[in-house]
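Below are the chains, spelled out letter by letter.
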Amino acid sequence: MPTISTADLAAISPEIIVLCSAMAVLIMGLFVKKEWRFLLGYLSVAGLAAAADRTWAMRSVVHGAFSGMFILDGYATYFKMVFYVAAAIALLISISYVRMENIEKGEYYGLILFATAGMMVMASGSDLMTVYLGIELMALSIYVLAGFLRKSLRSNEAALKYFLLGAFSSGILLYGIALIYGITGTTNLHDIAAFIQTGTYSKPALILSMILMLAGFGFKVAAVPFHMWTPDVYEGAPTSVTAFMSVGPKAAAFAAFLRVFITALPQIQADWTIIIAALAILSMLIGNVVAISQTNIKRMLAYSSIAHAGYAMVGFVAGGAEGISSVMTYLLIYVFMNLGAFGMVVALSRGGMTGERIEDFAGLSKKNKMAALLMLIFMFSLAGIPPTAGFIGKFNIFMAALNSGFLWLALIMVVMSAVSAFFYLRVVLVMYMKEPEDDRKLTPNLSMYTAMAVAAYAVLYIGMNPSGVIDFAMKSVSGLM
Amino acid sequence: MILQVAFIYFAAVTVFSALMVITRKNPVHCALYMLAVFTHVAGLFVLLDAEFVAAVQVLVYAGAILVLFLFVIMLFRGDGMKDKARFVSGWPIVAPIAIALMGLLMSILMHSGFSGAQGSYTIEAVRSAGNSQVIGMALYTDYLFPFEIASVILLVAMVGAIVLAKKKAD
């Protein structure tokens, strides 16, 4: 009879803190007067900070809890820190935006925290059951958040589309999980690997279940050909939600994807590597090429996020401690630069669709030098231009691919990065070379500028002193290998 | 022998009713065929020695979820859907692909053995302790953590439904 030790409870204390904050925010949202509701946003950030403190305090602990359902290790710790940062910046961006869109409710903040808890469970899941439930907790919260603008048809469409396709992809993922349970008789990642090691299984069925799981995860990270939902959902969802879901859930999906495939299926690595390489090429190609023709900046960033999933998968293909840690570094950097870019879209928005066209950035440098400079930094970073962090991230992945013999993949990545510079720099061009269409001023907003300043500082700091982040990722990945 | 006959009956009716669900024009008929799917799947669970799952299948799916379906259909006056095209326009192209994929899955599944490692809950172990009891034990010991996460998911679903559907927005 398994018993629950205090060590088990300590291991999930960050999750407990996040869930308790979520419920506190939910309940307080009912009592707090409208003009004070922004405090709930700060309370949520405080909850995340408390959880981050716990996670950081346990960073050297390795503990499998709850009969192998949950694992606390360096890998999970790294990703949880990424999630805290992503959720906290997204919350700070949201505070003024939700007031403007008149959706300032306790539920908004609560659902972001619930989604964060789901992401944490995904990163810590050492059993397919836990991983799956983590995915569902995250996804369900995001479906609701995508439809939070109840009166906007686009938001309704985004929520419904995301929900239906998400449920479908969950079904495919579950089918893969059921098959692998049938083959191995267990859902524990380590036991699956141990069973496959014995060699008494039928390979076609195992490959089939791997492909089904890959399709499920491919949907969550928005890799081509499972990307169809991305532009519509990113465009329709409230911009602050789009900002969050372009980084948090994507990083979480990668966290679970990497852990499941590396821990449970190392024996058939050659088989999945080739498929992921194909997905990576397609994602980089289609994401970058289609992004060029977009006029709506949310759609452009949606295609760019598809392309970035492609870059991250190049690191996955490269494999080994170097490849995996390059993916982890990249995802952290991506959080800062993409949230920064979306934050500027939020800063420009005036309700409805204004601020979403690339043309809305025209003459921003004349209206607000600081905002234009921040956007410039984020666009340079997304394009991978030194000395920004985006360059470091891409360079790491490039070197990992090169060192493990995927020269052709690395070359495609470089070429596609060059293509991507075209549409990122077009935004910069519009900001600096065009005359403003109107003289609307950006309203200064403390929480928003704090978030932007943190993101910009991180992008520049990591760009110039990358060793700290790279070492942290390298150290964290050791438990997984 | 009798088990095989029972299996063939339950399986055949499940497949037939499932086809009827997607081909009937009247949404109420679709829902009722779905009821047939649920009850016959419950029969398949009984054949697999999973009485508890079978009971839950009838109670939750046939009982609660289907009633909800019917409620929604009646509320939205589903008969307006009768004139709409049954399938998406591209179905003659998509259907063969789906059938081919099904054929691939079935051929792989039929040619591979599922003699995987047996967990601690073998048929004998389940029979000696009783079906529901074993599930209860597993749920509150080994699966305690996933069970708690599932309850959080239900909370989110509830909050989400209220947020999206509440009539008066403040």
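Please read these numbers as outputs of a predicted model, since none were measured by experiment.

1. Some remarks on the overall build of chain A
So, step 1. Each helix and strand counted, chain A has 20 helices and 2 strands in total.
So, step 2. Relative to the compact-globule value of 23 Å for 481 residues, chain A shows a C-alpha radius of gyration of 21 Å, a close match.
So, step 3. When its C-alpha atoms are laid out on the principal axes, chain A stretches across 70 × 55 × 40 Å.
So, step 4. The contacts of chain A with a sequence gap of at least 6 include a subset with a gap of at least 24, amounting to 81%.
So, step 5. Entry remark: accessible area of chain A is about 16100 Å², with carbon and sulfur atoms responsible for 71%.

2. Concerning the nonpolar core
So, step 1. One finds F261, L265, W272 and F361 of chain A to be the most contacted residues of the largest nonpolar core, which totals 208 residues.
So, step 2. Top contributing element to this core by residue count: helix 14 (residues 320-348) of chain A, with 19 residues.
So, step 3. Setting aside its immediate chain neighbours within four residues, F361 of chain A contacts I297, M344, V345, L348, G355, M375, V427, V430 and M431 of chain A.
So, step 4. Formed by 6 residues, the second largest nonpolar core is a distinct cluster that contains V37, F38, A62 and L66 of chain B.

3. Some details on the packing of aromatic side chains
All names here are of chain A.
So, step 1. All told, the structure shown has 32 aromatic pairs over all chains when counted by the stated rule.
So, step 2. Where Y78 meets F79, the ring centres are 5.8 Å apart and the plane angle is 85 degrees; that geometry is what we call edge-to-face.
So, step 3. Note on Y143 and Y162: the rings are 5.1 Å apart at their centroids and 90 degrees apart in plane angle, and the pair reads as edge-to-face. Here the residue Y143 occupies a position in helix 6 (residues 128-146), and Y162 occupies one in helix 7 (residues 153-184), the gap between them amounting to 19 residues. Both residues of the pair, Y143 and Y162, count as buried.

4. As for the interface of chain A and chain B
So, step 1. Across the contact, 42 residues belong to chain A and 34 residues belong to chain B.
So, step 2. Here chain A packs against chain B, burying approximately 3200 Å² in sum over the two surfaces, 78% of which is carbon and sulfur.
So, step 3. Three residues stand out in chain A for area buried against chain B, namely L133, R150 and L208 of chain A, and they jointly supply 17% of the buried area on that side.
So, step 4. Connecting chain A to chain B are 0 salt bridges.
So, step 5. Taken together, the links from chain A to chain B amount to 4 residue pairs in polar contact (both at pLDDT 80 or more).
So, step 6. For the side of chain A that touches chain B, the element with the highest residue contribution is helix 6 of chain A, accounting for 9 residues.
So, step 7. Split into classes, the residues belonging to the side of chain A that touches chain B amount to 26 nonpolar, 10 polar and 6 charged.

5. Notes on the packing of helix 2 (residues 27-47) of chain B against helix 3 (residues 51-75) of chain B
All names here are of chain B.
So, step 1. The interhelical angle for the contact between helix 2 and helix 3, taken along N-to-C directions, is 175 degrees, at an axis separation of 9 Å. It follows from the interaxial angle that helix 2 and helix 3 lie roughly antiparallel. For the pair helix 2 and helix 3, the contacting residues are P27, V28, A31, M34, L35, F38, T39, V41, A42, F45 and V46 in the first and V53, A54, Q57, V58, Y61, A62, L66, F69, L70, I73 and M74 in the second.
So, step 2. Across the contact of helix 2 with helix 3, the residue classes break down as 20 nonpolar, 2 polar and no charged.

6. Describing the confidence of the model for chain B
Residue and element names in this part refer to chain B.
So, step 1. For chain B, per-residue confidence averages 86 on the pLDDT scale, and residues scoring 70 or more make up 91% of the total.
So, step 2. Per-element mean pLDDT across chain B ranges from 76 in helix 5 (residues 123-129) up to 94 in helix 7 (residues 144-165).
So, step 3. In the model output, the complex is listed with pTM 0.94 alongside ipTM 0.92.

7. Describing the pattern of salt bridges
Residues and elements named next belong to chain A.
So, step 1. Taken as a whole and assessed by the stated rule, the structure comprises 14 salt bridges over all chains.
So, step 2. Note that D360 is salt-bridged to R357, the shortest N-O span being 2.9 Å.
So, step 3. A residue is classified by how much of its surface remains accessible, and D360, at 13% relative accessible area, is buried.
So, step 4. Of the charged contacts, one joins E359 and K434 as a salt bridge, the two residues approaching to 3.2 Å between their closest N and O atoms. Residue E359 is located in the loop between helix 14 and helix 15 (364-367), and its partner K434 is located in the loop between helix 18 (407-433) and helix 19 (446-464); the two are separated by 75 residues in the primary sequence.
So, step 5. Sharing partners across several salt bridges, the network here consists of R154, E157, K161, D232, E235, K298, R299 and E356.

8. A closer look at a nonpolar patch on the surface
All names here are of chain B.
So, step 1. Together, V15, L19, I22, F87, V88 and W91 line one region of the surface with nonpolar side chains, adding up to about 600 Å² of accessible area.
So, step 2. By residue number, the principal contributor to the nonpolar patch is helix 1 (residues 2-23), which donates 3 residues.
So, step 3. Residue position: V15 is located in helix 1.

9. Let's talk about the packing of helix 8 (residues 189-198) of chain A against helix 11 (residues 239-264) of chain A
Residue and element names in this part refer to chain A.
So, step 1. Where helix 8 contacts helix 11, the axes come no closer than 8 Å and their chain directions differ by 35 degrees. Taking contact as the criterion, the partners of L189, H190, I192, A193 and I196 in helix 8 are, on helix 11, R259, V260, T263 and A264.
So, step 2. Looking at the contact of helix 8 with helix 11 residue by residue, the class counts come to 6 nonpolar, 2 polar and 1 charged.

10. Here we look at the side chain of T55 of chain A
Residue and element names in this part refer to chain A.
So, step 1. For T55, the location among the structural elements is in helix 3 (residues 38-57).
So, step 2. The exposure class assigned to T55 is buried, which follows from its relative accessible area of 1%.
So, step 3. Apart from residues no more than four positions distant in its own chain, T55 is found in contact with P14, T77, K80, M81 and Y84.

11. A closer look at the domain arrangement of chain B
So, step 1. Segmenting chain B into domains produces domain 1 (1-81) and domain 2 (128-170).
So, step 2. Computed from C-alpha atoms alone, the centre-to-centre distance between domain 1 of chain B and domain 2 of chain B is 23 Å.

Calculation criteria
- Residues numbered from 1 in each chain as written.
- Chains lettered and ligands numbered in written order.
- Predicted model: local features only at pLDDT ≥ 70, side-chain atom pairs only at ≥ 80, totals over all residues.
- Heavy atoms only, no water.
- Helix = DSSP H or I, 4+ residues; strand = E, 2+ residues; numbered from the N terminus.
- Rg over C-alpha atoms; globule rule 2.2 N^0.38 Å.
- Contact = heavy atoms within 4.5 Å.
- Areas by Shrake-Rupley, 256 points an atom, 1.4 Å probe, with all protein chains shown as cover.
- Core = buried A, V, L, I, M, F, W, Y, C linked by side-chain atoms within 4.5 Å.
- Buried < 20%, exposed > 50% of the residue type's maximum accessible area, 1.4 Å probe, protein only.
- Phe/Tyr/Trp six-rings, centres within 6.5 Å; stacked < 30°, edge-to-face > 60°.
- Buried area = accessible area lost by both parts, 1.4 Å probe.
- Salt bridge = Lys/Arg side-chain N within 4 Å of Asp/Glu carboxyl O.
- Polar contact = N/O pair within 3.5 Å; in protein donor to acceptor, adjacent residues only side chain to side chain.
- Nonpolar A, V, L, I, M, F, W, Y, C, P; charged D, E, K, R; others polar.
- Axes fitted to C-alpha atoms, helices over the stretch in contact; angles between N-to-C directions.
- Parallel < 35°, antiparallel > 145°, perpendicular 65-115°, else oblique.
- pLDDT = per-residue confidence, 0-100.
- Patch = residues over 30% accessible without salt bridge, like charges linked within 9 Å, V, L, I, M, F, W, Y side chains within 5 Å.
- Domains from an automatic or database assignment.

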